[in-house]
Amino acid sequence: MKLQITNITARNFMSFGDNPVSIDLNESIFAVILGHNYNNQKSNGSGKTNLLIALMFALYGKTPKNVNKARLINWKNKKKCEASVTFYLGSDKFIFYRGIKPDFFHVYKNGEKLEIEADKTNFQN
């Protein structure tokens, strides 16, 4: 079954502040993420890796080995760290929406919120 990611959104996530950063991947077959930091005119530090970490966190609730979950929360706002990913699996549309401070995990299938089992890992599998 084909999996197609259509959107990644992050708010108060690492370097992303309170205004949500959303990348729409729905329009193209192939996507390239390029960064541009307007402060120093370089592509480093613009959030490319943070966006991929947000994807990993939204889908699996995990981070790369060198990043603990406490580091995901934006250092300035210190709360409401959120990441979501929208994708299609076959003809079904899913949204995984996860956060820290407060902790939550919501899953929507075709616009309806699913009830999550007490064991999130079992549910996610």
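Right above here is the structure, for reference.
A. Region of interest: the pattern of salt bridges. All told, the structure shown has 3 salt bridges when counted by the stated rule. Arg-11 is paired through a salt bridge with Glu-82; the nearest N and O atoms lie 3.3 Å apart. Of this pair, Arg-11 sits in strand E1 (residues 3-11) while Glu-82 sits in strand E3 (residues 81-89); the two residues are 71 residues apart in sequence, bridging distant segments of the chain. Each member of the pair, Arg-11 as well as Glu-82, is classed as buried. Across the salt bridge formed by Asp-92 and Lys-109, the nearest N and O atoms sit 4.0 Å from each other. Note that Asp-92 is positioned in strand E4 (residues 92-100) and Lys-109 in strand E5 (residues 104-109), a separation of 17 residues in sequence.

B. Structural view of the environment of Ser-84. Looking at the element boundaries, Ser-84 is found in strand E3. Each C-alpha atom of the pair Ser-84 and Ser-22 lies 9.2 Å from the other, and the pair is 62 residues apart in sequence. Residue contacts for Ser-84: discarding those within four places in its chain leaves Asn-7, Ile-8, Thr-9, Ala-58, Phe-96 and Tyr-97.

C. Seen up close, the pairing of E1. Direction of pairing for E1 relative to E3: antiparallel, over a ladder of 8 bridges. Looking at the pairing, Thr-9 lines up with Ser-84 of E3. Bridge analysis of E1 against strand E2 (residues 21-24) gives 4 bridges, and the strand direction is antiparallel. Counterpart to Ala-10 in the pairing with E2 is Val-21.

D. Here's a closer look at the nonpolar core. The biggest cluster of nonpolar side chains holds 25 residues, and the ones touching the most others in it are Phe-13, Leu-72, Val-85 and Phe-96. Put simply, the parts of the chain that give this core at least two residues each are E1, helix H1 (48-60), E3, E4 and E5. Top element by residues in this core is H1. It accounts for 7 residues.

E. Structural detail: the pairing of E5. Judged from the 6 bridges that link them, E4 and E5 form a sheet pairing that is antiparallel. Bridge assignment links Phe-94 to a residue of E5, and that residue is Lys-109. Counting the residues in the hairpin turn of E4 and E5 gives 3 residues, including Lys-101, whose phi is positive at 55°. In the sheet, E5 pairs with strand E6 (residues 112-113) via 2 bridges, with the strands oriented antiparallel. Bridging across to E6, Tyr-108 finds its partner in Lys-113. Hairpin geometry of E5 and E6 is characterised by an intervening segment of 2 residues between the two adjacent antiparallel strands and by a positive phi of about 50° at Asn-110.

F. Seen up close, the sheet that holds E4. Strands sit in the order E2-E1-E3-E4-E5-E6 across an open sheet of 6 strands; the sheet is antiparallel. Edge positions in the open sheet fall to E2 and E6, since each of these has one partner strand only.

Quick notes on the rules
Residues numbered from 1 in each chain as written. Predicted model: local features only at pLDDT ≥ 70, side-chain atom pairs only at ≥ 80, totals over all residues. Heavy atoms only, no water. Salt bridge = Lys/Arg side-chain N within 4 Å of Asp/Glu carboxyl O. Helix = DSSP H or I, 4+ residues; strand = E, 2+ residues; numbered from the N terminus. Buried < 20%, exposed > 50% of the residue type's maximum accessible area, 1.4 Å probe, protein only. Contact = heavy atoms within 4.5 Å. Pairing = 2+ DSSP bridges. Core = buried A, V, L, I, M, F, W, Y, C linked by side-chain atoms within 4.5 Å.

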